[in-house]
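# Understanding the architecture of this molecule
What follows is each chain in one-letter form.
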Amino acid sequence: MTSRMLAAIINGSKSALTKKRIIAYFLRARSTTIPDLAKELDCSIPTIAKFVNDMMKEGIISNYGKLETGEGRPPALYGLNPQAGYFIGVDIKKFSLDIALMDLIGDVVLIQEDIPFHMENTEACLDSLCTAIRKFIDEAEFDHDNLMEVCVNISGRVNPEVGRSYVLFNFNERPLAEELTERVGCPVCIDNDTRAMAYGEMMKGAVKEEKDIIFINLSWGLGSGLILDGDVYTGKSGFSGEFGHFNVFDNEIICQCGKRGCLETEVSGAALYRKLLSCVRDGKQSILSKRILEGQPLTLGDIIDATNREDVLCIELVEEIGQKLGRYLAGLINLLNPELVVLGGVLSLTGDYLLQPVITAVRKYSLNLVNRDTAIVLSALGNRCGVIGACLLARKKLLE
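Reference entry: report on the structure contained in this document. These numbers were taken from a predicted model, which means no experiment stands behind them. (Residues numbered from 1 in each chain as written. Predicted model: local features only at pLDDT ≥ 70, side-chain atom pairs only at ≥ 80, totals over all residues. Heavy atoms only, no water.)

### Quick notes on the environment of N251
By secondary structure assignment, the location of N251 is in the loop between strand 13 (231-233) and helix 8 (269-281). Beyond its immediate sequence surroundings of up to four residues, N251 is in contact with R260, G261, T265 and E266. Within the structure, the side chain of N251 is placed 3.2 Å from the backbone nitrogen of G261, a separation counted as a polar contact. A polar atom in the side chain of N251 sits 3.4 Å from the side chain of E266. (Helix = DSSP H or I, 4+ residues; strand = E, 2+ residues; numbered from the N terminus. Contact = heavy atoms within 4.5 Å. Polar contact = N/O pair within 3.5 Å; in protein donor to acceptor, adjacent residues only side chain to side chain.)

### Describing the pairing of strand 11 (residues 213-218)
Within strand 11, 6 of the 6 residues are buried, leaving the element largely enclosed by the surrounding structure. Neither face of strand 11 is left uncovered, since the one carrying I213, F215 and N217 and the one carrying I214, I216 and L218 both have all their residues buried. The pairing of strand 11 with strand 12 (residues 222-228) spans 6 bridges and is classified as antiparallel. When the bridges of strand 12 are listed, I216 appears paired with S224. Counting the residues that bridge the hairpin from strand 11 to strand 12 gives 3 residues. Of the pairings in the sheet, the one linking strand 11 to strand 14 (residues 340-344) comprises 5 bridges and is parallel in character. (Buried < 20%, exposed > 50% of the residue type's maximum accessible area, 1.4 Å probe, protein only. Pairing = 2+ DSSP bridges.)

### Some remarks on the sheet that holds strand 2 (residues 61-66)
Sheet strands pair via backbone hydrogen bonds, and the direction of the pair is either parallel or antiparallel. Read from one edge to the other, the open sheet built from 3 strands follows the order 1-3-2, with strand pairing classed as antiparallel. Looking at strand neighbours, the two that pair on one side only are strand 1 (31-32) and strand 2, the edges of this open sheet. When strand 2 meets strand 3 (residues 76-80), the two strands line up antiparallel, connected through 5 bridges. When the sheet's bridge partners are listed, S62 is paired in strand 3 with G79. Against the sheet, helix 4 (residues 45-57) contacts strand 2 and strand 3, and its axis sits at roughly 110° relative to strand 2. (Axes fitted to C-alpha atoms, helices over the stretch in contact; angles between N-to-C directions.)

### Quick look at the nonpolar core
Counting residues in hydrophobic clusters, the biggest one holds 51 residues, and the most contacted among them are I22, F26, L37, I48, I61 and L80. Core analysis: the next-biggest nonpolar cluster, separate from the first, contains 41 residues, L226, L272, L277 and L354 among them. (Core = buried A, V, L, I, M, F, W, Y, C linked by side-chain atoms within 4.5 Å.)

### Remarks on unusual backbone geometry
Non-glycine residue R30 carries a positive phi angle of around 70°. When you line up the elements, R30 lands in the loop between helix 2 (14-29) and strand 1. We note that D42 has phi near 55°; this positive angle belongs to a residue other than glycine. Within the fold, D42 resides in the loop between helix 3 (34-41) and helix 4.

### Topic: the sheet that holds strand 5 (residues 96-103)
Read across the open sheet, the 5 strands follow the order 6-5-4-7-10; overall the sheet is mixed. The sheet terminates laterally at strand 6 (108-116) and strand 10 (188-192), the two strands that pair on one side only. Put simply, the sheet's adjacent strands are angled 15° from each other on average, direction ignored. As paired strands, strand 5 and strand 6 are joined by 6 bridges and run antiparallel to one another. Bridging from a neighbouring strand, L97 pairs with I115 of strand 6. Against the sheet, helix 6 (residues 176-184) contacts strand 7 (147-154) and strand 10, and its axis sits at roughly 140° relative to strand 10.

### Description of the pairing of strand 3
Burial runs high along strand 3: 5 of the 5 residues are buried. Taken together, the 2 bridges between strand 1 and strand 3 define a ladder with antiparallel strand orientation. When the sheet's bridge partners are listed, S31 is paired in strand 3 with G79.

### What to know about a nonpolar patch on the surface
A cluster of nonpolar residues, L228, Y233, L335 and L336, forms a patch on the protein surface that exposes about 360 Å² of accessible area. Along the chain, Y233 turns up in strand 13. (Patch = residues over 30% accessible without salt bridge, like charges linked within 9 Å, V, L, I, M, F, W, Y side chains within 5 Å. Areas by Shrake-Rupley, 256 points an atom, 1.4 Å probe, with all protein chains shown as cover. Salt bridge = Lys/Arg side-chain N within 4 Å of Asp/Glu carboxyl O.)

### A few points about the packing of aromatic side chains
All chains considered together, the criterion is met by 8 aromatic pairs. An aromatic cluster is built from F95, W220 and Y273, whose rings are joined through pairwise contacts. Across the ring face of W220, the terminal group of K94 is positioned such that the distance to the ring centre comes to 5.4 Å. Positioned above the aromatic ring of Y199, the side-chain terminus of K396 is 5.9 Å from the ring centre. (Phe/Tyr/Trp six-rings, centres within 6.5 Å; stacked < 30°, edge-to-face > 60°. Lys NZ or Arg CZ within 6 Å of the ring centre and 35° of its normal.)

See below:
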């Protein structure tokens, strides 16, 4: 019942639009009194009281108890019923999936991380993705009638408005979002993975009051997500943020985009992996040397772990990547003059080994007056940044 009520609000009559404004306010403020809500929405108190009562009957709003003021009769606090709607986020990584369930007020109800998965641009891989999502939904304990939306993070060029991916799973004529909706059996949207991470960090991570933010996703590849004046910036076709494909190096390394010389060829998890193997085979020492020389499986997580265990070679390589990243990040800072830069992705888990070289290079290569405005910090959400951002984007698409 509640799911249908929310859908009616989204589809929007005059009264539904007011209800949608009420929901949007509660998404930001969690709870408030009727007089304060009336003031915020510029409506009369009786009008807001009627809407709130109606939405309580529909199961969308709950009474949160009394606001203790110490003076007179305490007013009632109202907020969204967490169980009125649920959203699922899916974060596709190179060798695993993270899937999370979030309630209407933005609390994570359930999260499954590192689900075995090997990302390939094939029909079989798409089938595997849909199977994993359906399995998560079937096994999760919540009111399935109130599942509103699933958002899947996709790397590369993604147009969330039309639901198309132009790099991965683009072998069918239909938009990928339509294909996923049919296969999963509930509404599915898609968005760029780095953009989802940026939004997650803005809503629940390192961002406080800042409105202009650059998020750097340093994982197997390199991407950026832009928040401008508090809104996610997608560009005309949804392709904004392709920082990793700045052509800056005179090398013969072929990037995953098919071109040579991209920033990503020297500044990424793939570059770190390649350089570590090359250095060890050239005789340099690492705590991972034996595994590399014996041809044992090695993950990017293993390299991050070795770095944090003070492996000198890994630290040197991470610092080199940080210096190169900082040099070209300085150009973005000169261009956009952001309040905050957030470093995320798996390489950010190396902490100060990455952060300090980035800060040093930014100070060296950007204009002093500009970089004084910009704080550079590590992601507060870490590995969960993408999946939390996907949940929040699913909710944003539906309700904001």
